[in-house]
Amino acid sequence: MSSDIDLSTAGGAAAQETSSVSGASARTSDRGAATRSALLAAASEVFSESGFAQAAVTDIVAKAGASVGSLYHHFNGKADLYLTLFEEFQTRQQERTRKAINAVRDAGESDPMRLFIAGAGAYLDGCLQDRHVARLFISGDGPPGFDRVMRQRLNKWARRNAALFHTADGGVDEPLVIVLTGAMAGAVSEVSGSDDEEATRRLADDIMAIVGTIRNPRSEQP
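As annotated in an unreviewed UniProt entry, the protein is TetR/AcrR family transcriptional regulator from Actinomadura vinacea.

What follows is the structure, given as structure tokens:
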């Protein structure tokens, strides 16, 4: 009896086994991603209904159709869920802002304030579209230290966009950054907390019109 191995047959079997393993891994990855998304969606609902402090992990996993073990597989706990919701919201907001500024810039606009208004308007529109999530972050009921995180991120957003306004020496106009940051913080709070979408859109437009009139008088002096 020959002891030779049919390499073509062995190779085919190995390839089939590898394909089966890859397929199983992909299905496992898809299930993991679906579970993670379900947990985030459930957390958003439970936080909105009960507030962060009163929200229970058991309520989140029940609404997601998941287990406590799966939650701790994907997240460190309740605070991690909350902060992940915030980071994903901020990522969407940054993309909205970027697209809006690029669109008006591509259309030939170069005035710094008009570029800023385009980005700020898109940010407020995002607060309206995602207000069920956005209002979570202005409620004051978040993980310890979240107020500071919120202020830092809003300041970072305003600073990045206010960098459109350069001083004569090439720096950033700090007084203008502070004013714009404060204006946007107030606008975000009002827009996110409203249930009347039509009235809130008008309010957002009016706020942006006023913000558009802001100037640093020192920077305009000869």
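(A) Expanded view of the overall build of the protein. A count of helices and strands for the protein gives nine helices and zero strands. Ordering the α and β elements of the protein from the N terminus gives α-α-α-α-α-α-α-α-α. Considering the protein as a whole, with its 222 residues, one finds that 35% of them fall into the buried category. Contacts in the protein between residues at least 24 apart in sequence constitute 71% of all its contacts with a sequence separation of at least 6. About 12600 Å² of surface is accessible on the protein, with carbon and sulfur atoms providing 53% of the total.

(B) Geometry of the pattern of salt bridges. For the structure shown, the criterion picks out ten salt bridges. Among the ionic pairs, Arg92 bridges to Asp130, the shortest N-O distance being 2.9 Å. Taken together, the residues Arg92 in helix H4 (residues 78-106) and Asp130 in the loop between helix H5 (112-129) and helix H6 (131-134) connect sequence positions 38 residues apart. Residue classification places Arg92 among the partly exposed positions, given a relative accessible area of 34%. Classification of Asp130 by relative accessible area gives buried; the value is 11%. Linking Arg135 and Asp195 is a salt bridge whose minimum nitrogen-to-oxygen distance equals 3.0 Å. One end of the pair, Arg135, is in the loop between H6 and helix H7 (146-162); the other, Asp195, is in the loop between helix H8 (174-192) and helix H9 (197-211), and 60 residues separate them in sequence. By relative accessible area, Arg135 is classed as partly exposed at 27%. Residue class for Asp195 comes out exposed when judged on its relative accessible area of 61%.

(C) Summary view of the nonpolar core. Phe47, Ile60, Leu81, Phe116, Phe137 and Met184 are the most contacted members of the largest nonpolar core, which totals 49 residues. Contributing elements (two or more residues each) for this core: helix H1 (7-50), helix H2 (57-64), H4, H5, H6, H7, H8 and H9. Here this core takes eight residues from H5, the largest share from any one element.

(D) Region of interest: the packing of aromatic side chains. Taken as a whole and judged by the stated rule, the model has nine aromatic pairs. With a centroid separation of 5.9 Å and an interplanar angle of 45 degrees, the aromatic rings of Phe137 and Phe146 are classed as tilted. An aromatic cluster is present here, built from Phe47, Phe52, Tyr82, Phe86, Phe89, Phe137 and Phe146 joined pairwise through their rings.

(E) Seen up close, the UniProt feature "DNA-binding region" (unreviewed entry) in the protein. What UniProt calls "DNA-binding region" (unreviewed entry) maps, in this numbering, to residues 56-75. Strand forms 0% of residues 56-75 and helix 75%; the C-alpha atoms that close the span are 14 Å apart.

(F) A look at the environment of Tyr82. Looking at where Tyr82 falls in the secondary structure, it is placed in helix H4. With a relative accessible area of 1%, Tyr82 lands in the buried category. Residues Tyr82 and Phe137, 55 residues apart in the sequence, show an inter-C-alpha distance of 9.1 Å. Leaving out residues up to four positions away in the same chain, Tyr82 has contacts with Phe47, Phe52, Leu136, Phe137, Asp141, Gly142, Pro143 and Phe146. Among the polar contacts listed, one links the side chain of Tyr82 to the backbone oxygen of Leu136, at a separation of 2.8 Å.

(G) Main features of the packing of H8 against H9. One can describe the packing of H8 onto H9 by two numbers: an axis separation of 10 Å at closest approach and a directional angle of 175 degrees. Comparing their axes, H9 and H8 come out roughly antiparallel. Where H8 approaches H9, its residues Leu180, Ala183, Met184, Ala187, Glu190 and Val191 are matched on the opposing element by Thr200, Leu203, Ala204, Ile207, Met208 and Val211. Here the residues of the contact of H8 with H9 are counted per class, giving ten nonpolar, one polar and one charged.

Cut-offs used in this document
Residues numbered from 1 in each chain as written. Predicted model: local features only at pLDDT ≥ 70, side-chain atom pairs only at ≥ 80, totals over all residues. Heavy atoms only, no water. Helix = DSSP H or I, 4+ residues; strand = E, 2+ residues; numbered from the N terminus. Buried < 20%, exposed > 50% of the residue type's maximum accessible area, 1.4 Å probe, protein only. Contact = heavy atoms within 4.5 Å. Areas by Shrake-Rupley, 256 points an atom, 1.4 Å probe, with all protein chains shown as cover. Salt bridge = Lys/Arg side-chain N within 4 Å of Asp/Glu carboxyl O. Core = buried A, V, L, I, M, F, W, Y, C linked by side-chain atoms within 4.5 Å. Phe/Tyr/Trp six-rings, centres within 6.5 Å; stacked < 30°, edge-to-face > 60°. UniProt positions renumbered as here; feature names shortened; annotations may be inferred. Polar contact = N/O pair within 3.5 Å; in protein donor to acceptor, adjacent residues only side chain to side chain. Axes fitted to C-alpha atoms, helices over the stretch in contact; angles between N-to-C directions. Parallel < 35°, antiparallel > 145°, perpendicular 65-115°, else oblique. Nonpolar A, V, L, I, M, F, W, Y, C, P; charged D, E, K, R; others polar.

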